[in-house]
Structures are given as C-alpha cells and as structure tokens.
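Coordinates in review
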Amino acid sequence: MFIYRARVFDTPTDPFAGGELRSDADLALVVDDGLIIARTDYPSAVAAHPDAEVIDLRSGVLIPGLVDTHVHYPQIRAIGYLGKPLLEWLDHCALPEEAKLGDEAYAQTLAGEFLTGLTSAGTTSAMVFGSHFATAVDALFSQAAEAGLRITSGLVTSDRILPEELLTSVERSVSESQGLIDRWHGKGHLRYALTPRFSFSAGQELLAAGGQVVADNPGIWVTSHLNENHDEIAGVAEMFPEARDYLDTYDRAGLLGRRTIMAHNVHPSDRELARMAEVGAASAHCPTSNSNLASGFFPLRRHIEAGVRVALGSDVGAGTGFSLLKEGVQAYFMQQLDPSGGLPLSSAHLLHLATAAGAEALDLSDDVGDLSVGKRFDAAYISPAAGQPLAVGLEHASSDEDALAKIFAMGTPADITRVWVDGGLVKG
Ligand SMILES: Nc1nc2[nH]cnc2c(=O)[nH]1
Ligand SMILES: [Zn+2]
C-alpha cells in the first residue's frame with residue numbers, strides 16, 4: 001500500500017459542461033494494488049494506513065496519466081518533416097518509413113522506441129494506429145503487454161493507392177485481423193481496433209469486410225482518418241459517388257459506433273457531426289499535425305455544440321512529438337487564431353482534453369482519466385528541475401489555473417519525471 005502525497009490537479013467534471021479544475025494543494029492518495037482507495041488529507045491517510053509506504057511528491061504537481069487518442073506507431077522516425085500537405089507528406093515522409101516495418105527486427109526496435117515515446121511524455125493510455133504488417137502489430141502488442149500500458153491498436157489496412165508492399169486483399173485483411181484479435185484483444189490492458197487507413201486507400205469491399213469483423217467481434221474498436229484535407233476529401237467523394245459524404249463511407253460499412261474514434265475531422269459537414277453525435281463516435285483532435293500539414297482549424301465549437309466527443313491526439317509523425325501538453329497548448333493557440341471564431345480555452349479545458357476526455361472517448365472512464373477514489377492509479381508527476389523556467393513559473397503562479405496553464409505552456413517530457421500505470425512505475 002502506498003500514500004502519494006502531492007499537489008494534485010484533475011478534471012472529474014467536464015469544463016465544457018460547466019465543470020472546473022479540481023486542485024488540491026496537499027493531498028494524500030492511498031493506493032492499494034493499483035487502486036485509489038482513499039483521497040484525503042495527509043494526517044488522516046497516515047492515521048488510517050500507518051504501514052503504507054509514503055511517496056512524497058510535494059515538489060511538483062501530480063496529474064492523471066495522459067490519454068493520446070491518435071498516434072502512429074510506425075511513424076516515430078518520421079517526426080519532424082516540415083512543409084508538406086497531407087498527401088505529399090504521406091508519399092514522401094510517412095509511407096516509405098512504414099514500408100520498413102515488414103522487417104520484423106526493425107518493427108521490434110520501433111515498437112520499443114514508440115512505447116518509450118509514450119511513457120516519456122506521461123501518456124498511459126492510447127489509441128495507436130498500428131502497422132500494415134501483422135508481424136509488426138504483434139511486436140507492438142507484445143511489448144505493450146510487457147510495459148503494462150493501456151493500448152488499443154490494430155492492423156492498418158489498405159487495398160489501393162498506396163505503395164504495393166502496403167496493400168492487402170479483403171481475405172488477407174480479415175484473416176490477419178482475426179488472428180490479432182484472437183491473440184491480443186482483452187489481454188491485460190490491450191484491446192483491438194479495426195483500422196482501415198482511410199477511405200482514400202480502402203475500397204468499399206475492404207471497408208465492409210472490416211465491418212463484418214467488427215460485427216463478429218463485439219467489443220473491438222474502430223479507428224481511421226476523416227475529413228483532414230481538402231484534396232483527400234475530394235478524392236474520397238470521387239471514389240465513393242454513392243456515399244453521402246466522407247463519414248458515410250465508414251458508416252455504410254458498419255464501422256461507425258460508440259467504439260469509433262476518427263482522427264482529425266477538420267472539415268466536417270453538419271450532417272456528419274450530427275451522425276457522429278447520434279452514434280456516439282469521437283473525434284481525435286491533433287493540433288500540431290493540423291498546423292504542420294496546414295490541414296486547417298479544427299471546429300471545436302461545432303463539435304461541442306453538436307454533442308460530439310473530442311479528445312486530443314499527438315498524431316506522431318505528422319504531429320511534432322508525443323507531448324500532450326504541447327498538443328494542449330497548440331489546441332489553445334488554434335482556437336485563439338481561428339478566423340471563424342474558436343472557443344476560448346482555459347487550462348482546465350486543456351487538462352480535460354488531455355486526460356478525462358480521452359478516457360471517455362476510449363470508454364476507459366471507469367478506470368482512469370482522473371484521480372478519484374475507485375480509479376486505477378495512472379498518473380504523471382511534473383517536477384521541473386529547480387531554477388528552470390517552469391519551476392520558477394509554478395513557484396510564482398497566481399492561482400492553480402495559472403500554474404496549470406504554465407505546465408501546458410512550458411512543460412516538456414523532460415519535466416515529467418515519474419509515470420505510473422495501474423500503480424506500477426513505467427517511467428522514473
Ligand atoms: N495525419 C495523417 N493522416 C493520414 N491519413 C491517412 N494516413 C494518415 C497518416 O498517417 N497521418
Ligand atoms: Zn493519423
């Protein structure tokens with residue numbers, strides 16, 4: 001049993017629905033076998049659990065483990081290419097790197113680098129866009145199982161447009177997906193996500209076969225890309241003349257529901273938003289990627305008004321790294337700059353988008369997303385070195401909201417010195 005004594009920030013009530021930051025200057029979280037069993041003042045915690053080991057975290061700030069709802073495992077070495085829009089970026093930067101994962105040893109190395117990227121940044125749960133190669137997806141799942149992270153992922157499928165070595169057939173996609181589901185879905189913290197790359201590279205038959213896999217395996221997830229870039233959207237409209245819109249290409253294939261997370265959705269129609277709200281599908285908002293690829297301004301206000309769930313994604317490698325703190329502040333910047341009128345975001349909104357909203361989108365809210373009694377202890381400890389600008393800022397912050405804003409403005413993975421999943425240290 002452990003008592004974590006810390007300054008704690010979390011957002012159990014949704015700031016987009018009138019909730020606010022919950023902040024405790026000196027809190028004791030009593031954790032038994034990974035479960036938070038008490039949340040109280042330190043003297044009471046020690047009195048009730050005199051044998052517990054005390055972990056003193058008072059020199060920093062403890063937040064819930066971060067939740068990344070869109071991040072590409074094969075693209076860790078593709079981070080940092082600048083100056084290209086989506087389709088050129090895929091051709092020149094991402095896909096040549098993804099083709100290398102056909103080599104099993106290479107995939108093993110990348111899986112390790114990728115999981116280190118997540119944990120270093122304080123990310124404890126993620127919807128991970130997998131690889132086109134089943135062996136590479138096995139590598140990710142087996143290393144994620146060892147690390148203990150909450151990973152939802154799957155085989156990426158495409159049957160047109162992309163380089164030959166990344167293409168599959170309808171039959172092969174079904175048999176490989178089913179094999180991966182049988183091996184990994186529901187094992188520990190792992191879950192499977194049916195993952196067509198995007199309708200631009202997946203024909204109707206391939207999408208429909210994926211829908212059948214979802215129907216045959218209730219409880220698995222679906223993830224893909226949606227409405228990211230104008231050329232992509234025009235291409236999808238041309239390839240699917242019978243579909244009402246981009247979203248409908250997935251919907252008519254049986255791929256849209258409560259367990260669907262669509263990345264980007266920068267340019268949705270009102271009908272698409274209404275349909276996503278109706279079925280409970282979520283959007284993964286990836287602000288550094290949207291900025292880097294000049295995809296556009298994410299219509300956060302329209303999502304919220306339509307009742308569509310939104311959480312943050314790093315979108316490594318079009319995004320510029322694993323830090324959801326950076327994604328948070330970039331989301332803030334883009335809402336500030338949006339010429340059509342973005343939503344003004346507080347630091348509590350940013351924390352919510354990076355933690356509880358992600359847990360909600362991934363249907364993990366019973367277990368993680370905030371640091372309430374009854375949740376598992378997934379947490380990140382932000383503890384900048386003394387004298388660093390973030391440490392100075394935290395020391396002189398005018399309020400807890402101000403301190404949290406400084407964490408988003410200045411915090412980097414280097415400031416996140418310890419990370420726990422289910423009470424086990426994964427960094428530090
Ligand atoms: N940002 C992004 N969009 C995509 N659409 C299809 N594939 C990708 C990808 O790898 N990254
Ligand atoms: Zn993506």
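Residues numbered from 1 in each chain as written. Chains lettered and ligands numbered in written order. Predicted model: local features only at pLDDT ≥ 70, side-chain atom pairs only at ≥ 80, totals over all residues. Heavy atoms only, no water.

Per an unreviewed UniProt entry, the protein is named Guanine deaminase, and its organism is Brevibacterium sandarakinum. Looking at the Sequence similarities (unreviewed entry) heading of the UniProt record, one finds this comment for the protein: "Belongs to the metallo-dependent hydrolases superfamily. ATZ/TRZ family." The UniProt entry for the protein carries the following text under Pathway (unreviewed entry): "Purine metabolism; guanine degradation; xanthine from guanine: step 1/1." (UniProt positions renumbered as here; feature names shortened; annotations may be inferred.)

Considerations on the coordination of the zinc ion (ligand 2)
Around the zinc ion (ligand 2), the protein contributes the donor atoms His 70 (NE2), His 72 (NE2), His 225 (NE2) and Asp 315 (OD), which lie 1.9 to 2.5 Å from the metal centre. Counting the intervening residues between successive donors of the zinc ion (ligand 2) yields the motif H-x1-H-x152-H-x89-D. Looking at His 70, the relative accessible area reads 1%, which means it is buried. (Donors = N, O, S within 2.8 Å, 3.2 Å for Na, K, Ca; no water. Buried < 20%, exposed > 50% of the residue type's maximum accessible area, 1.4 Å probe, protein only.)

Some remarks on the pattern of salt bridges
Taken as a whole and assessed by the stated rule, the structure comprises 24 salt bridges. Between Arg 376 and Asp 422 there is a salt bridge, with the nearest N and O atoms lying 2.6 Å from each other. With a gap of 46 residues between them, Arg 376 in the loop between α14 (356-361) and β14 (379-382) and Asp 422 in the loop between β15 (416-421) and β16 (424-427) connect regions that are remote in the sequence. For Arg 376, a relative accessible area of 22% puts it in the partly exposed group. Salt bridges sharing partners connect three or more residues here, namely Asp 10, Arg 22, Asp 24 and Arg 39. (Salt bridge = Lys/Arg side-chain N within 4 Å of Asp/Glu carboxyl O. Helix = DSSP H or I, 4+ residues; strand = E, 2+ residues; numbered from the N terminus.)

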